[in-house]
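Reading the structure
Listed here are the chains, written in short residue letters.
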Amino acid sequence: MEDEEKNHHKSHTSQSSQTSYFCQGGDTPKVQIPYETRPGEIPRKLAIERYRREYLKVDFEQLLAGKRIASDLLMPKHLNNSDEHGTTPDDPVSAYLPLEMFDNEEYDCRTPEDWLALGNAEGSPGQKPVPAKALLPADDETPSDDPQSPPLRYSWHVVGVLDYSKEKCQYLVQKVHQNTRQADESKNPNKKHRKGISLLVAGSKYWVPRIRLLFRAEDPLVFVERIQFALRYREHTEALIFYHLSVECMPIWPGAPSLSADSLEHMKRLVLSAPGLRLKNLENCIEDLEKEIKLEYDHTMNSMIFEKVVMSHPEEFPHITLPQRDSECVPQTGCVPVPHFDYKKRRDAFVFTSMLTKPEVICVLSKMWSECNKVVTMTLFNVTSVTPLQLDEFVDIQSKIHTKTNSLLRTTWTDTLRNNISSKLATTGKGAYNINESHWEIYKMSKLYKLMTVVRLNQQDSLRHLVLDSLASLTQLLLDACHSVLTCPQDLVWGSDLLTSPYKPKKNPLFLLDLVLDQTGVHYSTSLGMFETSIVTLFDKGIQATYSVPQLDKFVMKNLFIGDDPLLESVKLWEPEVTELREKVRNALIQAAIPLRAYAAEYEKHLELHNLDVETLLKSHNFEQTSQELKKEVEQHFKEKERIELSLPSSIVIGPFVVHVEGVRLSLSQKRKALANALLDRFVLKLRNQIDNACEECHIISRKLHEKPNSIEELTEMREWMKQIPELLKSFKEHIDKILPDYELFEELRYCLTNEEFNKKWTAIGWPQRIINQIETATLRHVEDEENFCKIHLADQNNLEEQLDSLQMYVAGLASHSDTDRAHETANKVRHISEKLIKCQTTAQKYNTRSHLLGLPVRNYDRLEKLMKDLQLFKDLWITTSDWLQWTESWFKDPLSSIDPQQLECSVTDALESIHRCIEQFKDIPDCQMAAAVIHSKIEDFRSYIPLIQSLRNPVMRSHHWKMLSERIQIKVHPKSSLTLSCCLELGLQNHMDDIVHVADVAAKEYSSEQMKSRAFAAERRG
């Protein structure tokens, strides 16, 4: 026991050192011992451990050597050119057939699925390799089909079994190298290592048959027996092949007996006597059959001759083994003796218990089995699609299959079986198969009840196979798609390579996803948690699609009362097998989401670019950027765009998913391009503004050059301005020469200017020459304009002379006007003549200026000044007279409160002075002098009323002053709106001037005293 514990410790240490590659428990032998240990029996775990150690102790290669089995014998030999024409005497017959053809699977204690199941460890999401030994090439070379290539050396290697192919009947193994790990105290001084612990390193992969694969969990002695059996079987088979080949190669000896015609005819008669065979059916092949029979007869004769020769000369044919034939015992009679038994009794018992006694029942069962087999071959899920789909599309397709299958089971399948039973048993009448039975007890005792039970059980069995096979196929489909992601750690980091994926499905990916970048972050078009939920729900809905299938009893036994609608039983949702498959699917989908999240996390660095607003960037950008700085920045954006296009794929396969990245790739690329173009667009706008500002002056020059002068003054001004244009053009060229080099940036960056921008550039370049051409045209046009202006000027001067003659006559005619009653009419006429003279004076000055500009002699307009002087006398008389008449009418009739005393006094004084001058200057015109004297006397008369008006309009006069005045002059006077100067004169107030003046002085003094008191009071308050 102590040695056993030590060996157990060593094996446990070795096993734990290999856990990183092999699955713990992958070398567990298979034993036929109960799990519950009875008293006195060996515990199951102890027995397994003993067998395991016993298998580990056996040296398999030494065991083969002890049985004289070389490893090279297990591999077939390839024929090369040197072996083409014969064999050596020592080895006349070599093994050429693959040994796996002769393998006996009865020696295997486990199925391939059971062997691979040893790699499923508890708590591990994926499957680990199963430890074994395999016969593989010694130098990791691939066997060549070239006959000239040297044969490979094979030896037994430690391998890990990964998979099994049902099509090839071979296992996928991976060669494992053992490296001894030594202690590295320099790197890890605080960590102790055991010397001699083996680290397993995975190597090349091979497909090998079972006969070349020894699992660590199987008995090496049994495997050696298996190899011995296969070798003996192959040796025997190759000996028979060699024997028959030798016989086939023998020529037909003409002296050998041949098949007689009588024998051939006898065989024909025997064949044609069989039911169903007629000569018409054999006419097409009768000749070929006769030749084949004759050839077989000749072959038999040759084999007899060959065996006789070999047996008579065994020393010449030691390499030929004759087939052993069993000795034939000729029976005494043509019948086989059978012990006596009561046939009728047994037949009656069989007929009583069996349902297979009526052809109708057999037809029912046959049709039922056929229909049930159709259901078994159906599927609840579409697992043949090769195109990846969106999750909702995938679920929709599967749901349609569920609906279709449920409808087929509930209607088509049920109706077919019902019609089959009803139609076949309708004619049987009363008895064991009476479908018209109405008594439940009689029905339960009849064979019909047993038949319906068989039908129901077969239906339920078909439904069970349908469900389990469909679930298994869906699970396998998902596991095949997810097999590469099952071992991904939770903290997986994808890395920088976003183009290639190490996670490929075995066949085709299943689901389609779009990678999405937005303000919320990086995510997928479908939530990853939805896949687990939707597929597991789909899993359960597939089972539930078989739940509502009715039993046939109620439809067949129409006269029998069956209260409820009994349904066929199907697979339950929480059966262990279903739960196991569901958990596999759930775990696989959870694992499949890990690399998707890791892949999406790599795109977080692109979020800032994706969510960047171009307008916001431009607002924060330096607008006064030079062209070289802009070029550097734009080139950087284009480099980033190219890097994005090269580093991001259009789509990528990650486990069961095809992730479409084209949208993100295109969006990021376009964003970089948009940023670059936005900078260039803004720079174009900047250049356009500079060009527009520079060209605006040219536009102004051009428009002004196109303007037609309306006078010689404008023409002269334009000529003076045109002399400044060359300097303006020089300044414009200098400015444009600074702008144009920036346009080369667009050619370097292959930026396509719009037609408008292109035209603006070349328009700016062509402006100087265009303006020069306009100057030349304008100069010629100005010469013609000057000639026209000269003609017009001469005509205008003549018109002015004529107008002056007319005005001179008007002024002379004013001397005849002396009627003051028509003063207003005469004043308007004087004003009109005055306006015309002023206008003529301005026109004369303008014409003299134009004469100077046109180089013509200046005319003398002195008489215009004389007319102005003569008119001024008449103007003073009649305008003053007209004004005086209007004023006096207003002063006499308007309320006294509306008269301004100061303004009135000034107006009277000015009018008096003006009329006085007129009296002195009109000595030569008596009529006008007399009119002036009349107006002068009226003014003098009115002048005496001024003191009265001033006193009555004194602003300091209050109500008690007016009362005082009324008492003094004995006339009631109140400052009403109806009080006018005319009223005052009618009341005779002009006769009481002294009293009125006295009261006005008293009011003034009182007002002055009040003002002094107010200022003194205000001073006291401030003090």
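Because the structure is a prediction, the values reported are computed rather than measured. (Residues numbered from 1 in each chain as written. Predicted model: local features only at pLDDT ≥ 70, side-chain atom pairs only at ≥ 80, totals over all residues. Heavy atoms only, no water.)

1. Here we look at the pattern of salt bridges
We apply this condition: Each salt bridge in this description consists of a side-chain nitrogen of Lys or Arg and a carboxyl oxygen of Asp or Glu lying within 4 Å of one another. The helix and strand labels rest on DSSP assignments: H or I over at least four residues marks a helix, E over at least two residues marks a strand, and numbering proceeds from the N terminus. Categorising residues by exposure relies on relative accessible area from a 1.4 Å probe, with only protein chains included: less than 20% of the type maximum marks a residue as buried, more than 50% marks it as exposed, and the intermediate range marks it as partly exposed.
Under the definition given, this model contains 25 salt bridges. Between Arg-52 and Asp-27 there is a salt bridge, with the nearest N and O atoms lying 3.4 Å from each other. Taken together, the residues span a long stretch of sequence, with Arg-52 in helix H2 (residues 44-57) and Asp-27 in the loop between helix H1 (2-17) and H2 at a distance of 25 residues. Grouping residues by exposure puts Arg-52 and Asp-27 together as buried. Look at the salt bridges and you will find they share partners, linking Asp-103, Asp-108, Arg-210, Glu-218 and Arg-226 into a network.

2. Thoughts on the pairing of strand E9 (residues 657-660)
For the record, the criterion: Paired strands are those between which DSSP finds at least two bridges.
Pairing of strand E6 (residues 511-518) with E9 involves four bridges; the strand directions are parallel. Bridging across to E9, Leu-513 finds its partner in Val-659. Here strand E8 (residues 651-654) folds back onto E9 in antiparallel fashion, the turn holding two residues, of which Gly-655 has a positive phi close to 65°.

3. A closer look at the packing of helix H14 (residues 528-544) against helix H16 (residues 576-601)
The cut-off we apply is this: Angular values range over 0 to 180 degrees, each being the angle between N-to-C directions of two axes fitted as lines to C-alpha atoms, with helices fitted over their stretch in contact. The cut-offs work like this: below 35 degrees is roughly parallel, past 145 is roughly antiparallel, 65 to 115 is roughly perpendicular, and the gaps in between are oblique. It is the rotation of the near helix from the far one that decides the hand of a crossing: anticlockwise by less than a right angle makes it left-handed, clockwise makes it right-handed. Throughout, a residue-residue contact means that at least one pair of heavy atoms, one from each residue, lies within 4.5 Å.
Closest axis-to-axis distance for the H14/H16 pair is 9 Å, and the angle between their directions is 160°. Put simply, H14 runs roughly antiparallel to H16. Between H14 and H16 the crossing geometry is right-handed. Residues Leu-528, Phe-531, Glu-532, Ile-535, Val-536, Phe-539, Asp-540 and Ile-543 of H14 pack against Val-578, Leu-581, Arg-582, Val-585, Arg-586, Leu-589, Ile-590, Ala-593, Leu-596 and Arg-597 of H16.

4. With respect to the sheet that holds E9
Spatially, four strands are ordered E7-E6-E9-E8 in an open sheet, and the strand pairing comes out mixed. The open sheet has two edge strands with one neighbour each: strand E7 (521-524) and E8. Geometrically, the sheet is characterised by an average inter-axis angle of 25° between neighbouring strands, direction not taken into account. Across four bridges, the pairing between E6 and E7 is antiparallel. Within the sheet, the bridge partner assigned to Leu-515 lies in E7 and is Tyr-524. Strand contacts of H14: E6, E7 and E9, with the helix running at about 150° to E6, the strand carrying the most contacts.

5. A closer look at the packing of aromatic side chains
Stated precisely, the cut-off is as follows: Aromatic pairs are defined between Phe, Tyr and Trp rings, using the six-membered ring for Trp, whenever the two ring centres lie within 6.5 Å; interplanar angles under 30 degrees are classed as stacked, those over 60 as edge-to-face, and all others as tilted. Only Lys NZ and Arg CZ are tested; either one counts as a charge over a ring when it is within 6 Å of the ring centre and within 35 degrees of the ring normal.
As enumerated under the stated definition, the model contains 20 aromatic pairs in all. Ring plane angle 75° and centroid distance 5.0 Å describe the contact between Phe-394 and Phe-511, whose orientation is recorded as edge-to-face. Placement of the pair is Phe-394 in helix H11 (residues 391-425) and Phe-511 in strand E6, with a sequence separation of 117 residues. In this structure an aromatic cluster arises from ring pairing among Phe-102, Tyr-107, Phe-229 and Tyr-233. For Arg-110, the ring lying beneath its charged end belongs to Trp-115, and the centroid distance is 5.0 Å. A cation sits over an aromatic face here: Arg-216 above Phe-22, 5.5 Å from the ring centre.

6. Some remarks on a nonpolar patch on the surface
This is how the line gets drawn: Here a patch means residues that are over 30% exposed by relative accessible area and free of salt bridges, tied together within 9 Å if like-charged and within 5 Å if nonpolar (Val, Leu, Ile, Met, Phe, Trp, Tyr). In these tables, accessible area is a Shrake-Rupley quantity obtained with a 1.4 Å probe, and a residue counts as shielded only by the protein chains included in the view.
On the surface, a cluster of nonpolar side chains totalling about 290 Å² of accessible area is made up of Trp-253, Ile-305 and Val-309. Among the secondary structure elements, Ile-305 is positioned in helix H8 (residues 286-312). Residue Ile-305 is classed as partly exposed on the basis of its relative accessible area of 34%.

7. Remarks on the confidence of the model for the chain
The test is simple: As a per-residue quantity, pLDDT reports the predictor's confidence and falls between 0 and 100.
When pLDDT is averaged along the chain, the result is 79; 86% of the residues meet or exceed 70. Ranking the elements of the chain by mean pLDDT puts H1 last, at 44, and strand E5 (residues 213-215) first, at 93. Confidence drops under a pLDDT of 50 for residues 1-19, and excluding neighbours within four residues, the segment shows 19 contacts in the predicted structure. Every residue in residues 81-92 scores below 50 in pLDDT, and together they form five contacts with partners more than four places removed in sequence or on other chains.

8. Remarks on the environment of Glu-583
Considering the arrangement of structural elements, one finds Glu-583 in helix H16. In the structure, Glu-583 is positioned 47 residues away from Val-536 in sequence and 8.8 Å away in space, judged by C-alpha atoms.

9. Looking at the pairing of strand E2 (residues 154-165)
Regular strands place side chains that alternate from one sheet face to the opposite one. Counting buried residues along E2, nine of its twelve residues qualify, which places the element largely inside the surrounding structure. Bridging between strand E1 (residues 130-137) and E2 involves eight bridges; their strand directions are antiparallel. Residue pairing in the sheet places Leu-135 in a bridge with Trp-156 of E2.

10. Some points on the packing of helix H26 (residues 862-893) against helix H28 (residues 926-943)
As a reminder of what qualifies: Residues were grouped as follows: Ala, Val, Leu, Ile, Met, Phe, Trp, Tyr, Cys and Pro as nonpolar; Asp, Glu, Lys and Arg as charged; and all remaining residues, including Gly, as polar.
Between H26 and H28, the shortest axis-to-axis distance is 11 Å and the interhelical angle comes to 30°. Between H26 and H28, the angle is such that the two are roughly parallel. At the point where H26 passes H28, the crossing takes the left-handed sense. Judged by residue contacts, Phe-874, Leu-877, Trp-878, Thr-881, Trp-884, Trp-891 and Phe-892 of H26 engage Cys-928, Ala-931, Ala-932, Ile-935, Lys-938, Ile-939 and Phe-942 from H28. Here the residues of the contact of H26 with H28 sort into twelve nonpolar, one polar and one charged.

11. Focus: helix H27 (residues 901-921)
Threshold: The span expected for a helix works out to 1.5 Å for each residue beyond the first.
Taking 1.5 Å per residue as the helical rise, H27 with its 21 residues ought to reach 30 Å, and the 31 Å between its terminal C-alpha atoms agrees with that figure. Among all positions in H27, only Pro-901, Leu-904, Ser-907, Val-908, Ala-911, Leu-912, Ser-914, Ile-915 and Cys-918 are buried.

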